[in-house]
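Listed below, chain by chain, are the residues.
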Amino acid sequence: AMPVASSRRAVLLSVLLAVGLIGASLAVFDPFYTSDGAVMTMIASGTGLALEPDEHLVFTNVLLGRLLAGLYRRAPGIPWYGLHLFTVQVVAWIGLFYAALAQGATAQRALMCTLTFGVVGLSFLVNLQFSSTAFLAAAAGGCLWVQICSPRWDREVPGAAAGAVALMVLGSLVRFDAFLLSFALA
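Model, not experiment: these values are computed from the prediction. (Residues numbered from 1 in each chain as written. Predicted model: local features only at pLDDT ≥ 70, side-chain atom pairs only at ≥ 80, totals over all residues. Heavy atoms only, no water.)

1. A few points about the packing of aromatic side chains
This model, assessed by the stated rule, comprises 3 aromatic pairs. Considering the side-chain rings of tryptophan 93 and phenylalanine 97, the 5.3 Å spacing of their centres and the 40 degrees angle between planes classify their relative orientation as tilted. On the criterion of helical spacing, the pair formed by tryptophan 93 and phenylalanine 97 is a turn pair, its members being 4 residues apart in helix H4 (residues 80-101). Note on phenylalanine 97: relative accessible area 1%, which makes it buried. Ring centres 5.3 Å apart and planes at 75 degrees place the aromatic pair tryptophan 93 and phenylalanine 117 in the edge-to-face group. Separated by 24 residues along the polypeptide, tryptophan 93 in helix H4 and phenylalanine 117 in helix H5 (residues 107-126) bring together distant segments of the chain. Taken individually, tryptophan 93 and phenylalanine 117 each receive the classification buried, so the pair is uniform in this respect. Here a set of aromatic residues connected by ring pairs shows up, and it is made of Trp93, Phe97 and Phe117. (Phe/Tyr/Trp six-rings, centres within 6.5 Å; stacked < 30°, edge-to-face > 60°. Helix = DSSP H or I, 4+ residues; strand = E, 2+ residues; numbered from the N terminus. Buried < 20%, exposed > 50% of the residue type's maximum accessible area, 1.4 Å probe, protein only.)

What follows is the structure, given as structure tokens:
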């Protein structure tokens, strides 16, 4: 079994990397919605095109839509739609980084995680879009699942399988097509 300290170290490093990289990126770059993001925000918040918060978001599961519409009803001044996309991305990067670091939280692996975020994550964060966010979450779950199912994964890591499934479900709630694509890839 994987020592608890090693597992915790990989989780902690994954969280620190994801929060740190996204936080630093948001301090430097100003994200903007691409594609349907502005319209989705209007529908969820009940502004612009919509007369009141509505849970019927294009391609997004109605459960997530209900959550967002309810949050906008309670606190309309908070940008819930954008915050949910940022939150999903943070959780997805934690999962991806953990998949890479669970076999050994080395400086080289942490550097590769940082480079991967710089190449892929920065674009997803700056060009905020629900489809790319959904794919990121579903792919993170898929990568984590493939990692824990590989013959090299000889460790019993509590919650790793549940985390993989949760990421794929989260991606499917944001946009189901992303789940299908990552499932096909896995």
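2. A closer look at the state of the cysteines
This structure, assessed with the given rule, holds 0 disulfides. For cysteine 113, which is in no disulfide, the shortest distance to another cysteine sulfur is to cysteine 143 and amounts to 11 Å. In this structure cysteine 113 comes out as buried when scored by relative accessible area, which is 4%. The class of cysteine 143 is partly exposed, set by a relative accessible area of 39%. (Disulfide = S-S within 2.5 Å.)

3. Quick look at the environment of leucine 144
Here leucine 144 lies in helix H6 (residues 130-149). For leucine 144, a relative accessible area of 4% gives the class buried. Each C-alpha atom, one on leucine 144 and one on tyrosine 98, is 7.7 Å from the other, the two residues being 46 residues apart in sequence. In this view, leucine 144 contacts Gly95, Tyr98, Ala99, Ala160, Gly163 and Ala164; residues no more than four positions away in its chain are not counted. (Contact = heavy atoms within 4.5 Å.)

4. Notes on the pattern of salt bridges
The full count for this structure, using the stated rule, is 1 salt bridge. Measuring nitrogen to oxygen at the nearest pair gives 3.2 Å for the salt bridge that ties aspartate 177 to arginine 175. In this structure aspartate 177 comes out as partly exposed when scored by relative accessible area, which is 39%. (Salt bridge = Lys/Arg side-chain N within 4 Å of Asp/Glu carboxyl O.)

5. Remarks on the packing of H4 against H6
Running from amino to carboxyl end, H4 crosses H6 at an angle of 25 degrees, the nearest separation of the two axes being 8 Å. Taken together, the axis directions place H4 and H6 in an arrangement best described as roughly parallel. As for the relative orientation of H4 and H6, their crossing is left-handed in sense. In this structure, H4 uses Tyr81, Leu85, Val88, Gln89, Ala92, Trp93, Gly95, Leu96, Tyr98 and Ala99 to contact H6, whose residues at the interface are Phe130, Thr133, Leu136, Ala137, Ala140, Cys143, Leu144 and Gln147. Among the residues making up the contact of H4 with H6, the classes are represented as 14 nonpolar, 4 polar and no charged. (Axes fitted to C-alpha atoms, helices over the stretch in contact; angles between N-to-C directions. Parallel < 35°, antiparallel > 145°, perpendicular 65-115°, else oblique. Left-handed = near helix turned anticlockwise from the far one by under 90°. Nonpolar A, V, L, I, M, F, W, Y, C, P; charged D, E, K, R; others polar.)

6. Description of the nonpolar core
Nonpolar side chains in soluble globular proteins tend to be buried together. Core analysis: the biggest nonpolar cluster contains 44 residues, and Tyr81, Trp93 and Phe97 have the highest contact counts within it. Those elements that place two or more of their residues in this core are helix H1 (4-28), helix H2 (37-45), helix H3 (62-74), H4, H5, H6 and helix H7 (160-174). When residues in this core are grouped by element, the largest group, 11 residues, is from H4. Sequence-distant contacts of tyrosine 81, that is, excluding residues within four places in its chain, are made with Tyr33, Gly37, Met40, Thr41, Leu57, Leu68, Tyr72 and Phe130. (Core = buried A, V, L, I, M, F, W, Y, C linked by side-chain atoms within 4.5 Å.)

Everything listed is a geometric property; what it means functionally is a separate question.
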